[in-house]
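These are the residues of each chain, in order.
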Amino acid sequence: MTSESNPFAASGGQMSASVSYGNAAKPADGAAGAGGDLIKDTTTAAFSADVIAASRETPVLVDFWAPWCGPCKQLTPVLEKVVREARGSVRLVKMNIDEHPAIAGQLGIQSIPAVIAFVNGQPVDGFMGALPESKVKEFIARIAGPGGGKDAAIEEALAAAAELVDHADFAQAAQLYSAVLQEAPDNIVALAGLANCLFETGETEKARQVLEQVPEGKKDDAAIRAVEAKMALAEQVAKLGDPAALETRLAKDPKDHQARFDLAMIHNAKGNRAEAADALLAIMKADRGWNDDGARKQLLQFFEAWGPADPATLAARRKLSSLLFS
């Protein structure tokens, strides 16, 4: 191992968000003395007790080092000093990778010194190299401060859930969102994410119940509004007719704006966002005042449901701007 490469480069998903949400991180009883059990050496056999189990009560920093490593000799005294000054809000466990290489290998650590923070039995953050004392203090404050490592674990879980949603694995994503809400009941990202997953899996009533839990002052959050808009659109589409019949009506009468409007709704329900937007824009181009500017109003509702950064939203906004201001 060297002291130059990123210790997390080969770990990939090892630093995962498959977090077990249990007891929140909390300071150890007693305090800081000269170190006491706040600082200790560990072995491969003792790692589970010293780090995994202990981190379910208090965040644990694992210092991976070796006797031949010059930067390690600079970092370790700094770590020990800052951990003592943290007065029990974190613990430090040191592992000599020459004597005990297995754990470092499993975590994909390729350079030392490397420090990894464990919370609730999982790695949640880390750094490599001999950082100055000020940076070490910032790192420990992030892990052990208000919310500390618990917040980091929640963010990792939310990121993992979002990735599952991107792959249409709504059931697994819902489990992660539910786990986050057990620790942070007012987390808007998790509330919106869970409601969306429930809706996507056909549990519309449960999705509504989740949305009812949103605090009054956060009901206008963009993520919440997007889920509500998606559900409202689905209700509208359920009342629409057969798309083939609507196409026939349009073929006979291109000015049948209601048929084109209904087709736009069906296109959107099927995920054909560009076609949905184009149908509404065609109505606007032919008759801006139709149904009290209904085509434009519906297009704006699409934008809200799709999200401002969605490619379909961006493309349709450009077309709408050209139509309105050209």
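What counts as what
- Residues numbered from 1 in each chain as written.
- Predicted model: local features only at pLDDT ≥ 70, side-chain atom pairs only at ≥ 80, totals over all residues.
- Heavy atoms only, no water.
- Buried < 20%, exposed > 50% of the residue type's maximum accessible area, 1.4 Å probe, protein only.
- Helix = DSSP H or I, 4+ residues; strand = E, 2+ residues; numbered from the N terminus.
- Pairing = 2+ DSSP bridges.
- Right-handed = clockwise from strand over helix to strand, strands pointing away.
- Disulfide = S-S within 2.5 Å.
- Expected span 1.5 Å × (residues − 1).
- Axes fitted to C-alpha atoms, helices over the stretch in contact; angles between N-to-C directions.
- Contact = heavy atoms within 4.5 Å.
- Salt bridge = Lys/Arg side-chain N within 4 Å of Asp/Glu carboxyl O.
- pLDDT = per-residue confidence, 0-100.
- Phe/Tyr/Trp six-rings, centres within 6.5 Å; stacked < 30°, edge-to-face > 60°.
- Parallel < 35°, antiparallel > 145°, perpendicular 65-115°, else oblique.
- Left-handed = near helix turned anticlockwise from the far one by under 90°.
- Nonpolar A, V, L, I, M, F, W, Y, C, P; charged D, E, K, R; others polar.

**Here we look at the pairing of strand β2 (residues 60-65)**
- Of all six residues that make up β2, five are buried, and the element is covered over most of its length.
- Direction of pairing for β2 relative to strand β3 (residues 91-96): parallel, over a ladder of six bridges. When the sheet's bridge partners are listed, Phe64 is paired in β3 with Met95.
- The β-α-β motif built from β2, the intervening helix α2 (residues 70-85) and the parallel element β3 has right-handed crossover chirality.
- Sheet topology places β2 next to strand β4 (residues 114-119); five bridges connect them, and they run antiparallel. Paired with Val60 across the strands is Phe118, a residue of β4.

**A few points about the state of the cysteines**
- Counting across every chain of the model gives one disulfide.
- Covalently, Cys69 is tied to Cys72 through a disulfide, its sulfur atoms 2.4 Å apart. In this structure the cystine formed by Cys69 and Cys72 twists about its S-S bond by roughly 85 degrees; its chirality is therefore right-handed. Assigned by exposure class, Cys69 and Cys72 land together as buried.

**Concerning helix α6 (residues 170-183)**
- Under the 1.5 Å per step criterion, the end-to-end length of α6 is 20 Å for 14 residues, consistent within 8% with the ideal 20 Å.
- Buried within α6 are the following residues: Phe170, Ala173, Ala174, Leu176, Tyr177, Ala179, Val180, Leu181 and Glu183.

**Some words on the sheet that holds strand β1 (residues 39-41)**
- In space, the five strands of this open sheet follow the order β1-β3-β2-β4-β5, with mixed pairing throughout. A single partner strand is all that each edge strand has here, and the edge strands are β1 and β5 (122-128). Across the sheet, the mean angle separating the axes of adjacent strands is 25 degrees when strand polarity is ignored.
- Against the sheet, α2 makes contact with β1, β2, β3, β4 and β5, and its axis sits at roughly 165 degrees relative to β2, the strand it touches most.
- Contacts from helix α4 (residues 133-144) reach β2, β4 and β5 within the one sheet, and its direction differs from that of β5 by about 170 degrees.

**Considering the pattern of salt bridges**
- Scanning the entire structure with this criterion turns up 19 salt bridges.
- Across the pair Arg208 and Glu235 runs a salt bridge, and its minimum N-O distance is 2.3 Å. Here the residue Arg208 occupies a position in helix α8 (residues 204-212), and Glu235 occupies one in helix α9 (residues 222-238), the gap between them amounting to 27 residues.
- Looking at Glu235, the relative accessible area reads 40%, which means it is partly exposed.
- When salt bridges that share partners are traced, they join Lys81, Glu85, Glu133 and Lys137 into one network.

**What to know about the confidence of the model for the protein**
- Of all residues in the protein, 86% attain a pLDDT of 70 or more, and the chain-wide mean is 83.
- The low-confidence segment residues 1-36, where pLDDT is below 50, has 89 contacts with residues more than four positions distant or belonging to other chains.

**Digging into the packing of aromatic side chains**
- Enumeration according to the criterion identifies five aromatic pairs in this entry.
- Ring centres of Phe127 and Phe139 lie 4.9 Å apart, and the angle between their planes is 80 degrees; this geometry places the pair in the edge-to-face category. Taken together, the residues span a long stretch of sequence, with Phe127 in strand β5 and Phe139 in helix α4 at a distance of twelve residues. One exposure class covers both Phe127 and Phe139, and it is buried.
- With a centroid separation of 5.7 Å and 50 degrees between ring planes, the pair formed by Phe261 and Trp290 is classed as tilted.

**Examining the packing of helix α11 (residues 257-269) against helix α12 (residues 273-286)**
- Two elements in contact, α11 and α12, have axes separated by 7 Å at closest approach and are oriented at 160 degrees. With respect to their mutual orientation, α11 and α12 come out roughly antiparallel. Crossing geometry of α11 relative to α12 is assigned as left-handed. When α11 is examined against α12, the residues His257, Arg260, Phe261, Ala264, His267 and Asn268 are found in contact with a partner set consisting of Arg273, Glu275, Ala276, Ala279, Leu280, Ala282, Ile283 and Ala286.
- Among the residues making up the contact of α11 with α12, the classes are represented as eight nonpolar, three polar and three charged.

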